[in-house]
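Descriptive analysis of the structure
These are the residues of each chain, in order.
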Amino acid sequence: MTSKTVAPRTGDDVQDERLIRGVGVRGAIDGFARRVRGGDLGALPVMIGLVLIWAVFQALNPNFLSANNLVNLTLQCAAVGTIALGVVVVLLVGQIDLSVGSVSGLAAAVLGVTFAQSGWPLPLAIVAALAVGPLIGLFYSFLFNRFGVPSFVITLGGLLGILGLQLAVLGANTSINIPYGSWLVTFAQSTFLPPWLAYCLAAVASLGVFASAWTRSRRRRAHGLSTRPLTLDVVKAAALFVAMALAIAYLATDRGVGVMFVLFVLLVVVMDLLLRRTRWGRSVYAVGGSVEAARRAGIRVARVYLSAFVICSTLAALGGILAAGRLASAAATSGAGDTNLNAIAAAVIGGTSLFGGRGSAWSALLGILVIQSISSGLTLMNLNSSVRFIVTGAVLLLAVVIDSLSRRSRESHGTG
Amino acid sequence: MAVSEGAGGREARRPILSLRGISKEFGAVRALTEVDFDIYPGEVVAVVGDNGAGKSTLVKILAGVHRPDAGTIEFDGRPVDIGSPSESRALGIATVFQDLALCDNLDVVSNLFLGREVAHGFMREEEMEKRAWQLLRDLSAKIPSVRMAVAGLSGGQRQTVAIARSLIGDPRIVLLDEPTAALGVAQTAEVLNLIERLRERGHGVILISHNMADVQSVADRVVVLRLGRNNGDLRIPDVSYEEIIAAITGATDNVVTRRAAAAKSTTETSEAASA
């Protein structure tokens, strides 16, 4: 397990002598280092960035890493993070949606008017608000597929037009309060997992990660392919569980893990599976990499675009509903201001390429953590939004520069 | 040269694909005029011709991009109509275009199975990877890792992946449009080996090329087009470089032979001078 030189070349896939391949856990670490040098950075820059940001803010204000503040942070992440998850999908096919903020605002307005004003039952109001998303997504993809208008322009028009719709739906009200007693507000503001349930979920998630790695190894062996060492999978799953358990224990000293945050993480996990493991996900990456190649391979490109726009708008609408629940109001300002740009910035900061075809669902989670950490840290320091905008803008630029640099490095290392 | 097998058994076998009297016009231009073309199993046929001779039009008709205005196409002896690229593929004609059309951001396995992934709900990565290795090994392809992104491969390796991808659906005919145009010497040799491997597997290979050295080293037969018409159907071992060039240019006295003659006479005079 320790020596690198006497690599037993067991699988069909490691026969080529040119392949640099270590063995065991050590080999896995070496492989990771090589990938990073080759520009395959993955989530590494954003992880390092997050640690740095947390260290700086903790040094400036000892309350930053308090359990109370971190619980707030998780709750703040959920709504915009959900929107960012949709943006990730659109960026992966090489397009963009600039109107996600307006869509979330419109969904909030529909929810407020139907539920708080017209007295619809809450589930029905939520469905109505959620339906805003697919409708807008279908409209965008119609314009895009039929007329070939760049998505940048379509959604820029959407940004204004949907903001207008939002104001029209709200009518004379600038703000509608959503009753505190409703389960949506309770869900978004004050429902937390009891610690035992949180630990159970963490255990299930770690076991799931291990089981998936284990079955993968077994199938690879059955097909005569090389496998990763079992120890590595065990260590990974155990480390994941320990990390999650520590986080849960720490957050439990305050209110605990918010259910809304759990919902967001679940959405990320599901999206990750869809993107990595299904034919649809593969076609999303293919279209983002080369539309022409995807088309010639028989992929129905128009449908892939349609699915991306619809998913993006739908998640934006869901994000708007969650935000309305958390703020207990739907207003003209819902989804306005920096929501839009925060969601797009989160996707990019998290490591999804603006050039299409590269990124992962997890970048929504990591990116929104960075953005909300900056926002929360600066608020704790009593700095106003001017500084917040400047800092967030600078971080976004940094992320885009890293994206471009790693793209260049990938080209020179030839790793796509 | 191991070319006699495919060419020798030709009379005995039926052609996979047989084109008769194919014509195609683009506005006032007659791109193809009554062109005949046959291809047999296990045979490499080169289609050569000058620029504008109609090679690309012929390729596009076979690939289902264009429809012929006149003429018949028979596949396995029954008349067919190739109306779209997917119909061409369904018949068993796999076309590898010059620009390859690979997704640089995806790995080799993903590219090989793009649009044809093995999946039951989730994709079966292991099965695809195994089949990818078998296929590449059958072709003796030199790809270090099928989990490498395609952007990291050399030109010849990319060409190999593109050709291997065309074999996934087990086609009868593989149509290669200038497969060596952008390649170096060693990579060209690799692709030529690959073409011979396709012939051994019993595929009919149609090779479009400008490179006479490639054509002579790998093809069993060369079909010459000139100004949209058939201008020769030559067996490679029986035909010289000069004869092919003459068929392409339409004259024994042409710019190529004059250059060769000029070069010969200069060497002769310089030899005479040194002697």
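Residues numbered from 1 in each chain as written. Chains lettered and ligands numbered in written order. Predicted model: local features only at pLDDT ≥ 70, side-chain atom pairs only at ≥ 80, totals over all residues. Heavy atoms only, no water.

**Focus on the interface of chain B and chain A**
Heads up, the rule is: Here a residue-residue contact requires only that any non-hydrogen atoms of the pair lie within 4.5 Å. Two parts placed together each lose some accessible area; with a 1.4 Å probe, that loss summed over both constitutes the buried area. Each salt bridge in this description consists of a side-chain nitrogen of Lys or Arg and a carboxyl oxygen of Asp or Glu lying within 4 Å of one another. Helix and strand definitions follow DSSP, with helices as H or I runs of at least four residues and strands as E runs of at least two, each counted in order from the N terminus.
Listed as interface residues are 34 residues of chain B and, on the opposing side, 31 residues of chain A. In total, chain B and chain A occlude about 2,900 Å² of area from one another, counting both sides; carbon and sulfur atoms represent 56% of this. Considering only the surface of chain B that becomes buried against chain A, N105, M123 and E126 of chain B emerge as the three largest contributors, covering 22% of it. In this assembly, chain B and chain A are joined by four salt bridges. Contributing elements (two or more residues each) for the side of chain B that touches chain A: strand 8 (122-123) and helix 5 (125-138) of chain B. With seven residues, the single largest contributor to the side of chain B that touches chain A is helix 5 of chain B.

**Describing the confidence of the model for chain B**
Low pLDDT marks stretches whose predicted atomic positions should not be read closely. All names here are of chain B. The following threshold applies: Per-residue confidence from the predictor is reported as pLDDT, a score between 0 and 100.
In the predicted model, chain B carries a mean pLDDT of 84, and 91% of its residues have values of at least 70. Per-element confidence in chain B is highest for helix 4 (residues 108-112), whose mean pLDDT is 94, and lowest for helix 1 (residues 4-8), whose mean pLDDT is 43. Across residues 1-11 the pLDDT falls below 50, and counting only partners more than four positions away or on other chains, this stretch makes 17 contacts in the model. Of the two predicted TM-score estimates for the complex, the pTM is 0.85 and the ipTM is 0.85.

**Regarding the nonpolar core**
We count it as follows: Residues belong to one nonpolar core when they are buried, are Ala, Val, Leu, Ile, Met, Phe, Trp, Tyr or Cys, and are joined through side-chain atoms within 4.5 Å. For every residue, the accessible area obtained with a 1.4 Å probe (protein chains only) is divided by the maximum for its type, and the residue is called buried under 20%, exposed over 50%, and partly exposed between those limits.
Core analysis: the biggest nonpolar cluster contains 107 residues, and V87 and L111 of chain A have the highest contact counts within it. A total of 17 residues in this core trace back to one element, the largest contributor, which is helix 3 (residues 67-92) of chain A. L111 of chain A has contacts with A116, L122, A125, I126, A129, I178, L184, I321 and A324 of chain A, leaving out every residue within four places of it along the chain. Counting residues in hydrophobic clusters, the runner-up holds 51 residues, among them V108, L176, L194 and I245 of chain B.

**Observations regarding the side chain of R165 of chain B**
Residue and element names in this part refer to chain B. With respect to the helices, strands and loops of the structure, R165 is situated in helix 6 (residues 155-166). Look at R165 and you get buried, because its relative accessible area is 11%. When sequence neighbours within four positions are dropped, the list of residues in contact with R165 reads L100, A101, L102, N111, L112, L114 and R116.

**Examining the sheet that holds strand 2 (residues 29-39) of chain B**
Residue and element names in this part refer to chain B. Stated precisely, the cut-off is as follows: DSSP bridges decide pairing: two strands pair if at least two such bridges lie between them. Axes, fitted as lines to C-alpha atoms, cover a helix only where it is in contact. Angles between the N-to-C directions of the axes lie from 0 to 180 degrees.
One open sheet accounts for four strands, arranged 2-1-4-5; its pairing is antiparallel. Either end of the sheet is taken by a strand with one partner, and the two such strands are strand 2 and strand 5 (78-80). Each neighbouring strand pair of the sheet contributes to a mean axis angle of 30 degrees, computed without reference to strand direction. As paired strands, strand 4 (residues 70-75) and strand 5 are joined by three bridges and run antiparallel to one another. Paired with E74 across the bridge in strand 5 is P79.

**Looking at a nonpolar patch on the surface**
As a reminder, the rule being used: Patches draw on residues past 30% relative accessible area with no salt bridge. Two like charges within 9 Å are joined, as are two nonpolar side chains (Val, Leu, Ile, Met, Phe, Trp, Tyr) within 5 Å. All accessibility values rest on the Shrake-Rupley procedure with a 1.4 Å probe; residue burial counts only the protein chains present in the view.
Taken together, the side chains of V269, L273 and W362 of chain A together with F122 of chain B present a nonpolar region at the surface, about 290 Å² in accessible area. As for its position among the elements, V269 of chain A is in helix 10 (residues 259-277). Residue V269 of chain A is classed as partly exposed on the basis of its relative accessible area of 31%.

**Quick look at the pattern of salt bridges**
All chains considered together, the criterion is met by 24 salt bridges over all chains. The shortest N-O distance in the salt bridge between E125 of chain B and R282 of chain A comes to 2.7 Å. Placement of E125 of chain B in helix 5 and of R282 of chain A in helix 11 (residues 279-289) is noted, with the two residues assigned to different chains. Assessed through its relative accessible area of 15%, E125 of chain B is described here as buried. The salt bridge partner of E43 of chain B is R221 of chain B, with a shortest N-O separation of 2.7 Å. Residue E43 of chain B is found in the loop between strand 2 and strand 3 (44-49), and its partner R221 of chain B is found in strand 11 (residues 221-226); the two are separated by 178 residues along the sequence.

**Side note on the sheet that holds strand 9 (residues 173-177) of chain B**
Residues and elements named next belong to chain B. With mixed pairing, six strands are arranged side by side in an open sheet as 6-9-10-3-11-12. Because the sheet does not close on itself, it has two edges, and the strands there are strand 6 (93-96) and strand 12 (229-235). Each strand of the sheet is rotated relative to its neighbour by a mean of 20 degrees, with strand direction disregarded. Direction of pairing for strand 11 relative to strand 12: antiparallel, over a ladder of five bridges. What sits directly across from V222, in strand 12, is L234. In this fold helix 2 (residues 55-63) packs onto strand 3, strand 6, strand 9, strand 10 (204-208) and strand 11, with an angle of close to 135 degrees to the strand it touches most, strand 3. Relative to the sheet, helix 6 contacts strand 6 and strand 9, its axis offset from that of strand 6 by approximately 165 degrees.

**Here's the deal with the packing of helix 4 (residues 100-117) of chain A against helix 14 (residues 339-349) of chain A**
Residue and element names in this part refer to chain A. Basically, it comes down to this: Here is the rule for angles: anything less than 35 degrees is roughly parallel, anything more than 145 is roughly antiparallel, 65 through 115 is roughly perpendicular, and the remaining ranges are oblique. By the definition used in this description, the sense in which the near helix is turned from the far one sets the handedness, with an anticlockwise turn below a right angle giving left-handed and a clockwise turn giving right-handed. Here the nonpolar group is Ala, Val, Leu, Ile, Met, Phe, Trp, Tyr, Cys and Pro; Asp, Glu, Lys and Arg are the charged ones; every other residue, Gly included, is treated as polar.
Two elements in contact, helix 4 and helix 14, have axes separated by 7 Å at closest approach and are oriented at 125 degrees. Relative to helix 14, helix 4 is oriented oblique. Between helix 4 and helix 14 lies a crossing whose hand is right-handed. Within the contact between the two elements, helix 4 uses V100, G101 and S104 and helix 14 uses T339, N340 and A343. Classifying every residue of the contact of helix 4 with helix 14 by side-chain character gives two nonpolar, four polar and no charged.

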